[in-house]
Amino acid sequence: MAYVAESGHWYDREGNPAYEVPNKSKGGMRPTRITDAKKMDLVPSVTAILKILDKPALTNWKVEQAIKAAIHHPFKEGSENEYIKFIKDKSMEEATQARDTGSEIHGAIEEWFRGNMDHKLVIQYLPWCQKVDGILADEFGDGMEWKAERSFSSSLGYGGKCDLHGYDENGNLIVLDFKTKDFSKGKPKAYDEQGMQLAAYAVGFDTLIDARLFNVFIDRDTPEATMIEWDESQHDRLFAMFTHSLNLWKAFKKFDPSY
């Protein structure tokens, strides 16, 4: 099984993933496009909607990678355009490696909470799985029943797949999203778009009322993790920002998938 990010994906109105459609010209499957979504009554993922926002921290990181690549591979001779392309490719190597490692850690944790302890990714990343499980047990106790990677669709016109969610003993919704980071660069920080993502999931699943929203940051290199909870006083603000982003997405795409 391949473990891929939710970013850019589509869902049907029952909440089923619709990531691919048949490729009529070449055979096989191809990624779903917005033209397909309009015909099939699909809704975009939360992360696809949030792509419409500027992310200064991410942009700065990309610039840093390009500068580092240029320092390690200074221009000597040849075409300037070819050199620029070479530096772009080099600067993305670390991003690709980080993304792939993050996907594997996500996959391991997913299988862990599905109870598949013999899965190869669980065996490979066992200390990471145990660390996350321990943090959640400390916060919520050992009796929580977690559901991993459940997808949904909202009549507001969006869908998604949540890393982990469950209900506490009082019936309150708990929503968690995992982010892999490089802890050597400093203590992880939660950004508004991450809280917006969680708020959108909570509304898509159930309600924001009495819900608890958590980002779980996991180090890619060592089995370390930390959990940050979004204060309840921020929930309405976060969902309002997501709603504005959703409306902006609809206007830009000239497509309103609400139903």
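Details of the structure are given in the entry above.
Here's a quick rundown of the structure. Since the model is a prediction, treat every value here as computed from it, not as a measurement.

**So, helix α4 (residues 80–113)**
Item 1. For α4, spanning 34 residues, the distance from its first C-alpha to its last is 50 Å, which sits close to the expected 50 Å at 1.5 Å a residue.
Item 2. Within α4, the axis deviates most sharply at E93, by approximately 30°.
Item 3. Here α4 starts with a cap whose side-chain oxygen sits 3.3 Å from the backbone nitrogen of N81, and that cap is S79.
Item 4. Following α4 by one or two positions, G115 has its phi on the positive side, about 90°.

**Remarks on the packing of α4 against helix α6 (residues 126–140)**
Item 1. Closest axis-to-axis distance for the α4/α6 pair is 9 Å, and the angle between their directions is 60°. Here α4 lies oblique to α6, going by the angle between them. The element α4 and its partner α6 pack so that their crossing is right-handed. Between α4 and α6, the residues in contact are I105, A108, I109, W112 and F113 and L126, W128, C129, Q130, V132, D133 and L136, respectively.
Item 2. Per-class residue counts for the contact of α4 with α6 are ten nonpolar, one polar and one charged.

**A short note on the state of the cysteines**
Item 1. If you walk through the whole model with that rule in mind, you get zero disulfides.
Item 2. C162 provides the cysteine sulfur closest to C129, a residue in no disulfide bond, and the two sulfurs are 17 Å apart.
Item 3. Here C162 falls in the buried class, since its relative accessible area comes to 0%.

Definitions and limits used
Residues numbered from 1 in each chain as written. Predicted model: local features only at pLDDT ≥ 70, side-chain atom pairs only at ≥ 80, totals over all residues. Heavy atoms only, no water. Helix = DSSP H or I, 4+ residues; strand = E, 2+ residues; numbered from the N terminus. Expected span 1.5 Å × (residues − 1). Bend = angle between axes of the 7 residues up to and from the residue. Polar contact = N/O pair within 3.5 Å; in protein donor to acceptor, adjacent residues only side chain to side chain. Axes fitted to C-alpha atoms, helices over the stretch in contact; angles between N-to-C directions. Parallel < 35°, antiparallel > 145°, perpendicular 65-115°, else oblique. Left-handed = near helix turned anticlockwise from the far one by under 90°. Contact = heavy atoms within 4.5 Å. Nonpolar A, V, L, I, M, F, W, Y, C, P; charged D, E, K, R; others polar. Disulfide = S-S within 2.5 Å. Buried < 20%, exposed > 50% of the residue type's maximum accessible area, 1.4 Å probe, protein only.

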